[in-house]
Amino acid sequence: MFKARLAAITAAASLMFAYATQAVALGGVNIGVGVSGAWTGLSTSGSHTLRTTSVKETTQKDVDVVIPAIFLQLELPIGFVIGYEHNPGEAELGKSETQRSHITANETSETATQVAQAEVSDHHTYYLESPGFGPMGLYAVVGWSEADVITNENLQTGSAYGDTTVEGWMYGLGMKQSFDNGFFVKAVATFTEYDDISITSDGSNIVAGDIEAYAGKLALGYNF
């Protein structure tokens, strides 16, 4: 499935790039740059399976963050827009602290705090926008997003989890307006469904998770 999806993305990107290259050569293409800020709700559901007992613990974390971004885009003569957006910061997916007791080599009981935390960073999105329709400039957008998932843990067992990459599709509806001085604004609501992730620790414990993101974004840009 991943190879088929990647092939479809590559083919679509190649066609759009070829069209954009031809349009640039013929003129009439607006090159835009800008910044945005998005109120984002990250919803993460996950499970932790212990190797030794096969016990599975599940959890649900919802986090609200404001995420800034920068973007570069091409507006084609027919009104479609292809672009790239990058989020330079990090956003925490969730953090948990638990107390766990164990028997030491001296046969005494000892309690330790276990900390598990994960965050997303280096998030980027390739997107395609429809032309704006009507006086409000209503438009639809679809994109493909990718981000690094960084795990930070301090576990009693000494186990450690590696980092991974998560990918997903973004869909949205919004409004956009362009002005005679070259500036433009966009307001859009988006939903991103990321692929499920599974990370195995060096102690063979397994963490699995599903991430969804809801966002309301305001963008300001300038067309050259």
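Throughout this description, residue numbers start from 1 for each chain and increase along the sequence as written. In view of the model being predicted, local features appear only for residues whose pLDDT reaches at least 70, and side-chain atom pairs are presented and counted only at 80 or more, with totals across whole chains, interfaces and linings using the full set of residues. To obtain the side-chain values, all non-hydrogen atoms of the structure were used and water was disregarded.

A. Summary view of the overall build of the chain. Secondary structure elements are defined from DSSP: runs of H or I of at least 4 residues count as helices, runs of E of at least 2 residues count as strands, and each element is numbered from the N terminus. Along the backbone of the chain there are 1 helix and 9 strands. Going from N to C terminus, the chain has its helices and strands arranged as α-β-β-β-β-β-β-β-β-β. Taking all 224 residues of the chain together, the buried fraction comes to 39%. Restricting the contact set of the chain to residue pairs at least 6 apart, pairs at least 24 apart contribute 64%. The protein chains shown are the only cover counted for residues, whose accessible areas, like all others here, come from Shrake-Rupley with a 1.4 Å probe. Accessible surface, the chain: about 12700 Å² in total, of which carbon and sulfur atoms supply 61%. For the exposure calls, accessible area comes from a 1.4 Å probe over protein chains only, and a residue counts as buried if that area is under 20% of its type's maximum, exposed if over 50%, partly exposed in between. Contact definition: two residues touch when any of their heavy atoms are within 4.5 Å.

B. The arrangement of unusual backbone geometry in detail. Positive phi, normally seen in glycine, also occurs at Asp122, with a value near 50 degrees. By the secondary structure assignment, Asp122 is in strand β4 (residues 109–129).

C. Region of interest: the nonpolar core. Among buried residues, those of type Ala, Val, Leu, Ile, Met, Phe, Trp, Tyr and Cys that are joined through side-chain atoms within 4.5 Å constitute a nonpolar core. With 13 residues, the main nonpolar core has Leu42, Val65, Ala91, Val149, Val166, Tyr194 and Ile197 as its most contacted residues. Of all the secondary-structure elements, those providing two or more residues to this core are β2 (56–75), β5 (138–154) and β9 (206–223). When neighbours within four sequence positions are excluded, Val65 is seen to be in contact with Ala38, Trp39, Thr40, Leu42 and Ala91. Formed by 9 residues, the second largest nonpolar core is a distinct cluster that contains Val81, Tyr139, Phe184 and Ala219.

D. Looking closely at the pairing of strand β7 (residues 183–194). Residues Phe184, Lys186, Val188, Thr190, Thr192 and Tyr194 line the buried face of β7, whereas the alternating positions Phe183, Val185, Ala187, Ala189, Phe191 and Glu193 sit on a face that is not buried. Taken together, the 11 bridges between strand β6 (residues 164–178) and β7 define a ladder with antiparallel strand orientation. Bridge pairing in β7 links Tyr171 to Phe191. Between any two strands, at least two bridges found by DSSP are needed for them to pair. Counting the residues between successive antiparallel strands, the hairpin from β6 to β7 contains 4 residues, one of them, Gly182, with a positive phi of roughly 100 degrees.

E. Layout of the pattern of salt bridges. By convention in these notes, a salt bridge is any Lys or Arg side-chain nitrogen within 4 Å of a carboxyl oxygen on Asp or Glu. On inspection of all chains with the given rule, the structure shows 3 salt bridges. Note that Lys217 and Glu85 form a salt bridge whose closest N and O atoms lie 2.9 Å from each other. Here Lys217 is found in strand β9, whereas its partner Glu85 is found in strand β3 (residues 81–103), with 132 residues between them in sequence. Each member of the pair, Lys217 as well as Glu85, carries the same accessibility label: buried. Note that Lys176 and Glu129 form a salt bridge whose closest N and O atoms lie 3.0 Å from each other. Taken together, the residues Lys176 in strand β6 and Glu129 in strand β4 connect sequence positions 47 residues apart. What makes Lys176 buried here is its relative accessible area of 16%. Residue Glu129 is classed as buried on the basis of its relative accessible area, which comes to 3%.

Honestly, it's all geometry; don't read function into it.
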